[in-house]
Amino acid sequence: MVAIAVMGYGTIGSGVVEVIERNKKSITERAGEEICVRYVLDLRDFPGDPVQEKVVHDVNVILEDPEVSIVVETMGGTKPAYDYVKSALLAGKSVCTSNKELVAKHGAELLNLARGKNLNFLFEASVGGGIPIIRPLNQSLTSDEIYEITGILNGTTNYILTKMAREGAGFETVLKQAQDLGYAERNPSADVDGFDACRKIAILSSLAYGHQVDYEDIYTEGITKITAEDFKYAALMKRSIKLFGMSKREDGKFYAMVSPVMIDEDHALYSVNDVFNGILVKGEVIDQLMFYGRGAGKLPTASAVVADVIDAAKHRNRNIMTTWHSSKLTLAPIDDSEKRFFVRVRGELTEGRTRVERLFGPVEYVDAGLPGEFGFVTGTLSEKEFSDKSKELEDMITRIRLEE
């Protein structure tokens, strides 16, 4: 029997216990031994829940039990999760986590610690919920040189943008609906300001390129400035608006960004809607692969955690090598990256055309029939070129990058 402990009995932690109990027979067959939850660590008690008899409030109970060989961390955040996870590894226990903040900040260190003790630090559920993406990057695609990862990595923002597109509603209205449905937190900043997607693309980039990508270095822009009017233009252009987490290796430089983008109907991620996530991986040999599914949710995410538990059980006393060095990967300045831009401007086209073309040269105009404004699409410009030129465009309402 493999005894495990679950640290944090919230949405994901309770899901882990549920999945282990529900699929006990098949999990036992795949792990080679029965997996049993011995402890659940939480500040709270859960009277009436069968798990109550396993609840402990002191992490040392887990750390000091030699029969616990695997610890599941589903607490979230970095404090006290980092200290607990590090202590578990030092105590000779492998760790499986769904905690993207922990992995993005301390992944390289914890992987190195696990490697040194012949243990495993596994984190499939930290990106994409139930979508398998970490294991493919770490195992299936190791023979290729990955040069680009692009993803819709946050289900909350994708739901909001999908509803805005379909219903013509404004951001605040749809955000309230998402909160009422439980898709968005009361404080939605981590999602709508792009921070969640930023941590996830940092993890994927670190794995794909083999070196630490600090999420603090990634340019991040959320969806709070996207309006119903933007979607009217997008519809005319036969494009959709998505929040992308992107990283790319190009001409020996590495770029990473989180921002809203307009994509056309031919893009692989165009039809990824509602709370679903999609991750597009491009390599020199494989061309491109698409990973699609529910990027969040109790049971899909818990399923990915339990898959890591099974992997850890099958590899006790044997480290699963993961290439993620602690040396930092320096990202090129975002000013150097190039895109086309969709721009909305106050005023009439007949009056503004000369000024726009003086700044941007030939452009494609878009008329959505909105009074007192017009839109246009630029040619390919660097971020810095666009920023410099747009400073002279005093009546600019907004701009959204185009992703081809």
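Residues numbered from 1 in each chain as written. Predicted model: local features only at pLDDT ≥ 70, side-chain atom pairs only at ≥ 80, totals over all residues. Heavy atoms only, no water.

What about the packing of helix H5 (residues 100–116) against helix H10 (residues 195–209)?
Interaxial distance between H5 and H10 falls to 9 Å at its minimum, and their mutual angle equals 45 degrees. Judged by the inter-axis angle, H5 sits oblique to H10. As for the relative orientation of H5 and H10, their crossing is left-handed in sense. On H10, the residues that touch Lys100, Glu101, Val103 and Ala104 of H5 are Asp196, Arg199, Lys200 and Ile203. Considering only residue class, the contact of H5 with H10 consists of three nonpolar, no polar and five charged. (Axes fitted to C-alpha atoms, helices over the stretch in contact; angles between N-to-C directions. Helix = DSSP H or I, 4+ residues; strand = E, 2+ residues; numbered from the N terminus. Parallel < 35°, antiparallel > 145°, perpendicular 65-115°, else oblique. Left-handed = near helix turned anticlockwise from the far one by under 90°. Contact = heavy atoms within 4.5 Å. Nonpolar A, V, L, I, M, F, W, Y, C, P; charged D, E, K, R; others polar.)

Points about empty space enclosed by the protein
Going through the model one piece at a time under the given rule, you end up with two cavities of 30 Å³ or more. Here the largest cavity is characterised by a volume of approximately 120 Å³. If you trace the largest cavity, you find 13 residues lining it, with Leu122, Phe123, Ile134, Arg135 and Asn138 closest to the centre. Elements that contribute at least two residues to the lining of the largest cavity include exactly strand S6 (121–122), helix H6 (134–140) and helix H12 (298–314). The greatest single-element share of the lining of the largest cavity, amounting to four residues, is contributed by H6. Each residue belonging to the lining of the largest cavity can be placed in one class, and the counts come to six nonpolar, three polar and four charged. The space that makes up the second largest cavity amounts to roughly 50 Å³. (1 Å grid on protein atoms, 1.4 Å probe; cavity = no way out; pocket = protein on both sides within 12 Å on 5 of 7 lines; lining within 4 Å. Points joined across faces, edges and corners; volume = space filled by probe spheres on them.)

Topic: the environment of Asp287
Assignment of secondary structure puts Asp287 in strand S13 (residues 287–294). Judged by its relative accessible area of 51%, Asp287 falls in the exposed class. In the structure, Asp287 is positioned 143 residues away from Asp144 in sequence and 9.8 Å away in space, judged by C-alpha atoms. In this structure, Asp287 is in contact with Val281 and Lys282, ignoring residues within four places of it in sequence. (Buried < 20%, exposed > 50% of the residue type's maximum accessible area, 1.4 Å probe, protein only.)

Digging into the sheet that holds S6
With parallel pairing, the six strands of this open sheet are ordered in space as S3-S2-S1-S4-S5-S6. Only two strands of the sheet have a single neighbouring strand rather than two, namely strand S3 (55–56) and S6. Two elements, strand S1 (residues 2–7) and strand S2 (residues 35–41), share six bridges in a ladder whose sense is parallel. Among the inter-strand pairings, Ala3 is bridged to a residue of S2, identified as Cys36. (Pairing = 2+ DSSP bridges.)

Looking at the pattern of salt bridges
Counted according to the given criterion, the structure contains 35 salt bridges. Notably, a salt bridge pairs Glu34 with Lys24, separated by 3.6 Å at the nearest N-O pair. Of the two residues, Glu34 is situated in the loop between helix H2 (24–31) and S2 and Lys24 in helix H2; the sequence distance between them amounts to ten residues. What makes Glu34 partly exposed here is its relative accessible area of 34%. One salt bridge connects Asp308 with Arg135, and the closest N-O pair in it is separated by 2.5 Å. One end of the pair, Asp308, is in helix H12; the other, Arg135, is in helix H6, with 173 residues separating them in the sequence. (Salt bridge = Lys/Arg side-chain N within 4 Å of Asp/Glu carboxyl O.)

Details of the side chain of Thr378
Along the chain, the position of Thr378 falls in the loop between strand S17 (373–377) and strand S18 (381–382). Given a relative accessible area of 3%, Thr378 falls into the buried group. When near neighbours in sequence (up to four residues on either side) are disregarded, Thr378 contacts Arg340, Phe341, Val343, Phe360, Val363 and Phe386.

Here we look at the side chain of Ser382
Note on placement: Ser382 falls in strand S18. Excluding residues that lie within four positions of it along the chain, Ser382 makes contacts with Asp335, Asp336, Ser337, Glu338 and Phe341.

Overview of the pairing of strand S19 (residues 396–402)
Residues in a regular strand point their side chains to alternate faces of the sheet. Most of S19 is tucked away: five of the seven residues are buried. When strand S11 (residues 253–264) meets S19, the two strands line up parallel, connected through two bridges. Considered in S19, the bridge of Met262 is made with Leu402. Strand direction decides the pairing type here: strand S15 (residues 338–346) and S19, joined by six bridges, are antiparallel. Bridged to Arg340 within S19 is Leu402.

Comments concerning the packing of aromatic side chains
In this structure the tally under the stated criterion is eleven aromatic pairs. Consider the rings of Phe360 and Phe386, whose centres lie 5.8 Å apart with planes at 35 degrees: the pair is tilted. Of this pair, Phe360 sits in helix H13 (residues 349–360) while Phe386 is found in helix H14 (residues 383–390), placing the two residues 26 residues apart along the sequence. Phe360 sits in the buried class, given a relative accessible area of 9%. Classification of Phe386 as buried rests on a relative accessible area of 3%. Members of the aromatic cluster, each reached through a chain of ring pairs, are Phe341, Phe360, Phe376 and Phe386. If you follow Arg199 out to its NZ or CZ, it ends over the ring of Tyr215, 4.3 Å from the centre. Positioned above the aromatic ring of Tyr365, the side-chain terminus of Arg353 is 4.8 Å from the ring centre. (Phe/Tyr/Trp six-rings, centres within 6.5 Å; stacked < 30°, edge-to-face > 60°. Lys NZ or Arg CZ within 6 Å of the ring centre and 35° of its normal.)

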